[in-house]
Amino acid sequence: MLLRLALPLAAVLLCGPALAATVVVPPGGLESALAAASPGDTLRLAPGVHPGPVTVSTTVTLEGEPGAMLDGGGQGSVLTVTAPGVTIRGIEVRNSGLSLFEQNAGIFLGKTAKRAVVEDNRLRDNLIGVYVWGADDSVVRRNDVTGRTDLRVSERGNGIQIWNAPGARVLDNSVRDGRDGIFTTTSRKNVFAGNRFERVRFAIHYMYTNESEVSGNVSLGNGVGYAIMYSNNLTIRNNRSVADREHGMLLNAANGSVIENNSVLGRFAGAVSDSGEALPDADVPRDSEAMDDRLRSGTWKCVFIYNANKNRFVGNRFEGCEIGVHFTAGSERNAMTGNAFVGNRTQVKYVGTRSLDWSEKGRGNYWSDNAAFDLNGDGVADEAYRPNDVVDRVMWAYPAAKLLMNSPGMQVIRWAQKQFPALHPGGVIDSAPLMAPPAGPQLAERTAR
């Protein structure tokens, strides 16, 4: 009896994998192939143009042979996925609709498309490249995304967009043009790593996304490199910003995060230039006295810290910007140690009366303009470093006073402050400035040129 029961069961187990079929789909046959597919099937698109839009509602693998294209005809999302565990691989997906209200995308992963894998695809002429709309634990990797440049910035979509998709990972993609490279909102536990961004507004734009990681990305010649807004408990590590126009990094109401081993290489450092369009955004806090773009040739700010608290900056390099770090709007309890500020026209801009010591346990930061001595050879300067003085504050408040910058009176004021530190009205002080830049990302970013 046991033998009779065991034989049919064994037959079912052996035949199970054989039930998954691989079907070659000719142009024009994708919709019927999807309707006939069983879970686990692989649909292989033959070379040629396959018309869309199409919806994948069965757990299948959809992959393209060389030359396979899926064209949406300018209507809606080209490929919509509603089934869990779907893989989309090796296809050129192009020509979505242009409705931001309807969230038209090249590849749209709906809320039920959990654990989707979108890899090794080319996305062209879509409003949004890939939209992960609530599809938890999905992976978007090694895709080549080029957005629309024929639209105004306000009409463009993002290269890769995430909404409320915990566990989603965006890895090793190349994104150009469009609005933002990656835009994420109302999500958590995401990983964005190894991506490269060019000719976009913000390379990575965080809104209300917590407990996540941004690591090993490259932003090249964009408006802002890494815009982290209203997000908490992040790890931002080993990223590069090269010749971004406004800010290499921007933290606005971002709290409790670790920012370490990143490099911002501004245009003053000889970074690659670009001819991209300036992309203003109302979400980005701006100075009332911000310098006219026509009057500056460098990156505006390496890092802008605005109303951001309890963050830890360690081992970063900020080089070649108009302002190395602008620290403002009540930001408190931020640690700043082991960083290098190199060749910025103004190393620090801080307008406030509190005294902030940017050192920790006898270790501060490296400042390229600090003409200091180290008589005991311990690698720490013998005197504290103050990046700003009362003259700087006057210049920020009354720009016309720059005409007096080299006057004897100003020189006397600065000499007096150096001789009598009690005259300083508060501000940033590094009580243990380093004599040499710490080992870190200072060489790596130059390979991006």
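It should be emphasised that the depicted structure is a prediction, and the values quoted were computed from it without experimental measurement.

1. Topic: the sheet that holds strand 19 (residues 182-188)
In space, the 12 strands of this open sheet follow the order 4-7-10-13-16-19-22-25-28-31-34-37, with parallel pairing throughout. The outermost strands of the open sheet, each flanked by one partner alone, are strand 4 (54-56) and strand 37 (346-350). When strand polarity is set aside, the average angle formed by the axes of neighbouring strands in this sheet is 15°.

2. Regarding the nonpolar core
Leu30, Leu62, Ile107, Leu109 and Trp358 are the most contacted members of the largest nonpolar core, which totals 73 residues. Setting aside chain neighbours within four positions, we find leucine 30 in contact with Val25, Leu43, Leu45, Val54, Leu62 and Leu70. Listed in part, the 8 residues of the second largest apolar core include Phe183, Phe202, Leu250 and Phe304.

3. Some details on the state of the cysteines
Under the criterion given, the structure shown has 1 disulfide. There is a disulfide in this structure between cysteine 302 and cysteine 321, and the S-S distance comes to 2.1 Å. Because the torsion about its S-S bond is 95°, the bridge between cysteine 302 and cysteine 321 counts as right-handed. With cysteine 302 in strand 31 (residues 299-306) and cysteine 321 in strand 34 (residues 321-328), this pair connects stretches of sequence that are 19 residues apart. When its relative accessible area of 0% is taken as the criterion, cysteine 302 is described as buried.

4. Section: the pairing of strand 19
When you tally the buried positions in strand 19, you get 5 out of 7 residues, the bulk of the element. Of the pairings in the sheet, the one linking strand 16 (residues 160-163) to strand 19 comprises 4 bridges and is parallel in character. Residue pairing across strands places tryptophan 163 opposite threonine 185, the latter belonging to strand 19.

5. Structural notes on the pattern of salt bridges
Throughout the structure, instances matching the rule amount to 21 salt bridges. In this structure, arginine 122 and glutamate 92 form a salt bridge, with 3.1 Å as the shortest nitrogen-oxygen distance. With a gap of 30 residues between them, arginine 122 in strand 12 (residues 122-124) and glutamate 92 in strand 9 (residues 92-94) connect regions that are remote in the sequence. Overall, the relative accessible area of 15% leaves glutamate 92 in the buried class. Salt bridges sharing partners connect three or more residues here, namely Arg44, Glu63, Arg89, Glu119, Asp120, Arg141 and Arg142.

6. A few points about the environment of glutamate 102
Structurally, glutamate 102 can be placed in the loop between strand 9 and strand 10 (105-109). The exposure class assigned to glutamate 102 is exposed, which follows from its relative accessible area of 56%. With 26 residues separating them in the primary sequence, glutamate 102 and glycine 76 have C-alpha atoms 7.6 Å apart.

7. Some remarks on the environment of valine 175
As for its position among the elements, valine 175 is in strand 18 (residues 174-176). Given the relative accessible area of 1%, valine 175 is considered buried. Taking the C-alpha atoms as reference points, valine 175 and glutamate 198, separated by 23 residues in sequence, lie 6.5 Å from one another. Not counting residues within four places of it along the chain, the set of residues in contact with valine 175 comprises Val145, Gly159, Ile160, Gly181, Arg196, Phe197 and Glu198.

8. Describing the confidence of the model for the protein chain
Mean pLDDT over the protein chain stands at 84; residues scoring 70 or higher make up 78%. Note on residues 288-295: pLDDT under 50 across the span, and 8 contacts to partners over four residues away in sequence or across chains.

9. Some words on the packing of aromatic side chains
Working definition: an aromatic ring pair is given by the centre-to-centre distance plus the angle between the planes. Across all of its chains, the model carries 11 aromatic pairs by this definition. Between the aromatic rings of phenylalanine 318 and phenylalanine 341, the centroid separation amounts to 5.5 Å while the plane-to-plane angle is 50°, which identifies the pairing as tilted. One end of the pair, phenylalanine 318, is in strand 33 (residues 317-319); the other, phenylalanine 341, is in strand 36 (residues 340-342), with 23 residues separating them in the sequence. Each member of the pair, phenylalanine 318 together with phenylalanine 341, is buried. Through a chain of ring-to-ring contacts, three or more aromatic side chains come together here, namely Phe108, Tyr131, Trp133 and Trp163. A cation over a ring is seen here: arginine 201 above phenylalanine 202, with NZ or CZ 4.4 Å from the ring centre. Just above the ring of phenylalanine 304 sits the side chain of lysine 301; from NZ or CZ to the centre is 3.8 Å.

The rules behind these values
- Residues numbered from 1 in each chain as written.
- Predicted model: local features only at pLDDT ≥ 70, side-chain atom pairs only at ≥ 80, totals over all residues.
- Heavy atoms only, no water.
- Pairing = 2+ DSSP bridges.
- Helix = DSSP H or I, 4+ residues; strand = E, 2+ residues; numbered from the N terminus.
- Axes fitted to C-alpha atoms, helices over the stretch in contact; angles between N-to-C directions.
- Core = buried A, V, L, I, M, F, W, Y, C linked by side-chain atoms within 4.5 Å.
- Buried < 20%, exposed > 50% of the residue type's maximum accessible area, 1.4 Å probe, protein only.
- Contact = heavy atoms within 4.5 Å.
- Disulfide = S-S within 2.5 Å.
- Salt bridge = Lys/Arg side-chain N within 4 Å of Asp/Glu carboxyl O.
- pLDDT = per-residue confidence, 0-100.
- Phe/Tyr/Trp six-rings, centres within 6.5 Å; stacked < 30°, edge-to-face > 60°.
- Lys NZ or Arg CZ within 6 Å of the ring centre and 35° of its normal.

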